[in-house]
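Spelled out from the first residue to the last, the chains are:
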There are 2 protein chains.
Amino acid sequence: SVNPDLASERQTASFSVEKLTVWLDGGEEHTQKRRAVVEAIERDPVFSRENQYFQSQNERYEAAVRKAVHLQKKMHEMGWTESGPEFKYIYRAVSGDIAFLLHRIFIRSISVLGSDKQIAKWIPLATQHKLIGSYAQTELGHGTYLQGLETTAVFDITTQEFILNTPKISAMKWWPGDMGRSATHTVVFAQLYINGKCYGVHPFIVQIRSLRDHSLCPGITAGDIGPKMNFENVDNGYLMLQNVRVPRENMLNKFCEVQPDGTYVRQGSQKINYFTMTTVRISLISDEVIIPLMKACTIAIRYSVVRRQSKLKPGEQEAKILDYQTQQEKLLPQLATAYAFHFINDYLQELFNRVYREIRKKNFNTLPELHAFSSGFKAMVTQYSTSAVQICLQACGGHGYSSLSGLPSLYTRIIASCIYEGENTILLLQTARFLIKCFRAASAGQPVPPSVTYLAAVKPGKCPAKNKLEFLSPNIYTEAYQHMAARLVSSTAAKLQDLIQSGVKKHDAWNQCTVQLAQAAKAHCHYITVKNFAETVEKLKTEAGIQKIMKHLCDLFALHGIFSNAGVFLHDGYVSGAQMDMITASYLDLLAVIRKDAVPLVDAFDFTDKSLNSALGSYDGQVYQRLYEWAQKSPSNKQMSPAYERYLKPLLHNTQSKL
Amino acid sequence: SVNPDLASERQTASFSVEKLTVWLDGGEEHTQKRRAVVEAIERDPVFSRENQYFQSQNERYEAAVRKAVHLQKKMHEMGWTESGPEFKYIYRAVSGDIAFLLHRIFIRSISVLGSDKQIAKWIPLATQHKLIGSYAQTELGHGTYLQGLETTAVFDITTQEFILNTPKISAMKWWPGDMGRSATHTVVFAQLYINGKCYGVHPFIVQIRSLRDHSLCPGITAGDIGPKMNFENVDNGYLMLQNVRVPRENMLNKFCEVQPDGTYVRQGSQKINYFTMTTVRISLISDEVIIPLMKACTIAIRYSVVRRQSKLKPGEQEAKILDYQTQQEKLLPQLATAYAFHFINDYLQELFNRVYREIRKKNFNTLPELHAFSSGFKAMVTQYSTSAVQICLQACGGHGYSSLSGLPSLYTRIIASCIYEGENTILLLQTARFLIKCFRAASAGQPVPPSVTYLAAVKPGKCPAKNKLEFLSPNIYTEAYQHMAARLVSSTAAKLQDLIQSGVKKHDAWNQCTVQLAQAAKAHCHYITVKNFAETVEKLKTEAGIQKIMKHLCDLFALHGIFSNAGVFLHDGYVSGAQMDMITASYLDLLAVIRKDAVPLVDAFDFTDKSLNSALGSYDGQVYQRLYEWAQKSPSNKQMSPAYERYLKPLLHNTQSKL
């Protein structure tokens, strides 16, 4: 039975939850397919996550391998394909808690960077799990700055082989998933040397473990890097190479090739070698960031209408904590953010598809824009979502801190997304470099991509809104964001220019502006997110109730951003102090409006209880009962600790038995 | 040997690290005593934390009990006393990784709330570990709002006993430390009923486990609440009571008593029952928050001069990451915060001592100020420090995410401090209530404590600074903070007043102002912290080098706060946009200045390698070597996972053995 406090929230929904779900999925057929996949996975006991919170690292790894291997069979049975829409739903259903995720990146990198011949050889072996692949890029001493990688691959013309080496400890590959215990093969990124000349970083397929008995191949040192903040399911590994030889055919050579005589031939951009990272960056935004954020919102909001604490009105019963303004102000902006990011993800997917079509025709012109945007949005989305999940966790008080709430694992997982696939600050600075370039070009009247033409249009001005209601107009707030982003980009460009003109060297000047450059890049992404949300709501053709609540969420997302970053809007007087008070008033008013639909808005994400795996967030809201039942399963409650016999008994046995 | 990149940082220190350490400790004799305690603990293998990162929850608990029991012996041997200064140093040396912390709170609550007779009976038993105590306040459904506790204690006049009950599941005690597996006794907070009348929450000593065989006593259900985000060393537990009888003498009765005939007698304030929490709140600020923050700064800053990434100048070798402005901007404000909080802790200790002297004379007049301040500062310090440690972790890139860096455990531990001993938002609102009261009193010309007289002095005005150097004057920035805090308090008081005058009911009006009230309380605490830092530097009598660098840190702390909260300073024009640019310039300049002394400034915290327990943060900076060596110890590298035989071998054995 559903907790009555939660049930009553559903009776007053101002829109159809089912219709919103279908719209978020992109149509009825998608919803049906998603539910069918999720159901098939959840019915299968192999995929159970019931004991997950009580498992050790070793047990988690073993379960993850079991699931990955079983999934292979299951996909075959069900007719699901790797490249079909099902994989997204499978990933959602297993909550990423499987092995061989890097094996998938191994496959993707060969598909993107390999020749037709290489694809024909390796992809069938990999997709049938006749080998387990990994992707060995990061080194102990080298992360996002790939040009600095130290692993070497020297071409030996006499044997037609590459000789791979780890010249020092900082060059050891470190972090690659599936490599610590599982992988038999990996794509190694190494500096290519031919006749003593370095040609930069290239990818090589290297076998690291025997296919017969899994022992390490000659010249290979490898193992697990030890415990991490999360990802116990993944065997992140290390790898040292000592004179490891691979045939010439093992360098992935769709875009670059070493010919038998040692001639180096390049087709297209060197940057294409990093393209796998760009594709991974975009897919992780949805799978590893937005879905966990939606789950955290679901858990925290459902719990906040079940949990009662203190009295709002004297003499009444204790109030639902979601009725406190401070709790609304913690959670509802995160809910609006989850929707905003769902829509910006669609925007990025479209951009990606457009660019990828061009790349396959070997046209690399649009790659810089995709690179700049995927970098900036990856940084913004991961950073905001990490902080959002943290807020959800803390908003559940002590119980949020229990693993059984599901929130600690969501949080410790999502925070890693700020670091992997490119450290966020470095990514933001790459976006900033692109913006400064476009700003200068646009100011000089040269053509720039449509998304950044606004940069040239910055002018002093004042926000025209005269009362708090006018701040609910998308034109008003979108223009405020646009003005603010353009101002930050142009003023930082000016500071950069001034420094250089005053004699500071270019690279020093750049370094002295980086705090502000990163801020400008974030501001740009924030602006595009607000604009895209407003346009999505504008175009929305569905029932009036959904349109209305989406408009409220869009307003909340926008005004929350102004309220929390007031300084950059007030700075040049575009928004006045009096207007900031109006914005604050509208913002706080919206909280009370959206609060009424908070539960239906998270119900629409349509997570099953099994997928949430949370004692606080289940659909029926029986939180205390479930916390108590789940705690019973803890290994600590199964037997008396040896600590009693060893340490406590000797202390206590002299005390008189009844005090 | 020390990594040369780290060694070179120490050669250019602008002050004596040893002298700074001694000053932070409060004098030579304290430093000596601290080092002696730390050395004695670290030399003893029982206290080793070497394998901590590889242990399961059960192993951590067992080790924690072993350490706690051994510590008892050790203290006796060494002549260290519970109440002496040693315990602080012991706690620092064992990094809180011991059992029986709640046992200490059990002792403290009896000392504070018990009569002389109760103290004489229970304290010797407890200090000799002839029983293990816990402190059972929080319930499944009730946290910070103690009046809402549902556990009952009914006085039975015929047997002269209290009958304790858990009337429903939400009333189950949940979270108390040392209760899941260890405790034999606990202080239970329950609603006292005499002849059907409720007298509110009172503390009762209840035995829960047999002293003979540790089995649960009749009427008791208890166990471990399961896995959490950290604190595997602590057996947080649950407790249900069914008609559990304790003698009349087991109610702690220094301030309230039930006489044999059922007469209820109170001496002093009902609030005194929560006084244990206030004392715990203050001691946790130093032990559980500031020390971990200092450790995180030490690890991240040392690592940031060893780690090199990317090139700052073309043609040069890769740069130390601390030479990037963005990295400085992440870490150096956190370092300044650690110093600021060290000094505010002294301020709170003094306030506490003053109030406690009064309370022992049964004068409760100063309790509200102590309560308001300990609440607000607890909230501010824990929240800022949590975010600071998170920044340190993320600033170390991927390696920060490895448990071996030490940062994940510091982070997951410190984040809990935002929740335990009072949820931060609720605490801030208690501070706000006090501030609003004082503001009204002061405005009406009534006397208020000296720390809040500034509230009545708010007037419109403009910051007088004319260039970026003038913003390095403590008077300038302290006044800006004062103005801002007073404005936020007074404008929120005005909003509250307006709402009530417009007919909104008092409690609704309060709720509609809580977002701004919490902001005002934080602003007040921030102001006092800046003021206290500036005054500490002002009074500082030590070598010139230390005075100078402390002044820089104080400036950085203050300007960072303005830079990151620009909106509240710009709002009414007290600071103009042009002035904000000067502040930003001064702030960014300071980063480059303090960067030069960053390593000596963390060295001065004087943490041993064993106490940091970090592969990234050790004194010698051999980070990559240590990461590699420590990873070898992981259980995953000790044997092949059963997953190979079970799942991988069947897949791989059909592949041809060499590809």
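Within every chain, residues take consecutive numbers counted from 1 along the sequence as written. Whichever chain is written first is A, and whichever ligand is written first is 1; the rest continue in order. With pLDDT at 70 or above as the cut-off, local features in this predicted model cover only qualifying residues; side-chain atom pairs require 80 or more to be listed or tallied, and sums for whole chains, interfaces and linings still use all residues. Neither water nor hydrogens contribute to the side-chain values; these are computed over all heavy atoms in the structure.

- Within an unreviewed UniProt entry, the label attached to chain A reads ACOX2 oxidase, and the organism entered is Ciccaba nigrolineata.
- UniProt positions are given in the numbering used here, feature names are shortened, and annotations may be inferred rather than shown by experiment. Its UniProt record gives chain A the following Subcellular location (unreviewed entry) comment, quoted word for word: "Peroxisome".
- UniProt annotates chain A under Sequence similarities (unreviewed entry) with the comment "Belongs to the acyl-CoA oxidase family."

1. Thoughts on the packing of aromatic side chains
Residue and element names in this part refer to chain B.
- Two rings from Phe, Tyr or Trp (for Trp, the six-membered ring) form a pair when their centres sit within 6.5 Å of each other. Planes less than 30 degrees apart are called stacked, planes more than 60 degrees apart edge-to-face, and all others tilted. One pass over the structure, following the stated rule, counts 45 aromatic pairs over all chains.
- A ring pair is formed by Phe352 and Tyr356, whose centres lie 5.6 Å apart and whose planes are at 15°; its orientation type is stacked. Placement of the pair is Phe352 and Tyr356 together in helix α9 (residues 325-360), with a separation of four residues, close to one helical turn.
- Classification of residues uses two cut-offs on accessible area relative to the type maximum, computed with a 1.4 Å probe and protein chains only: under 20% is buried, over 50% is exposed, and between them is partly exposed. Look at Phe352 and you get buried, because its relative accessible area is 13%.
- With a relative accessible area of 24%, Tyr356 lands in the partly exposed category. Runs of H or I in DSSP of at least four residues are treated as helices and runs of E of at least two as strands, each being numbered from the N terminus.

2. Overview of the UniProt feature "active site" (unreviewed entry) in chain A
Residue and element names in this part refer to chain A.
- Within this structure's numbering, the places UniProt gives as "active site" (unreviewed entry) are Glu421.
- Here Glu421 is to be found in the loop between α12 (407-414) and α13 (424-443).
- Here a residue-residue contact requires only that any non-hydrogen atoms of the pair lie within 4.5 Å. Not counting residues within four places of it along the chain, the set of residues in contact with Glu421 comprises Met277, Val280, Arg281, Leu284, Lys378 and Leu427.

3. Notes on the relation of the copies chain A and chain B
- With an axial shift of 0.0 Å and an RMSD of 0.0 Å, the rotation relating chain A to chain B amounts to 180°. Both copies are brought into coincidence by an operation consistent with a two-fold rotation axis. For chain A, the minimum C-alpha distance to the rotation axis belongs to Gly567(A) and amounts to 1.8 Å.
- The share of interface residues of chain A whose copies in chain B are also at the interface is 100%, consistent with both copies meeting through the same surface. A residue counts toward the fit only if its pLDDT is at least 70 in both copies, and the copies are then superposed by least squares on the C-alpha atoms of those residues.

4. Observations concerning the sheet that holds strand β4 (residues 173-174) of chain B
Residues and elements named next belong to chain B.
- Read from one edge to the other, the open sheet built from three strands follows the order β4-β8-β7, with strand pairing classed as antiparallel. The strands lining the two open edges of the sheet, one partner per strand, are β4 and β7 (220-224).
- Strand pairing requires that DSSP identify at least two bridges connecting the strands. Bridge count for β4 against strand β8 (residues 237-241) is two bridges, and the pairing is antiparallel. Looking across to β8, one finds that Lys173 is bridged to Leu239.

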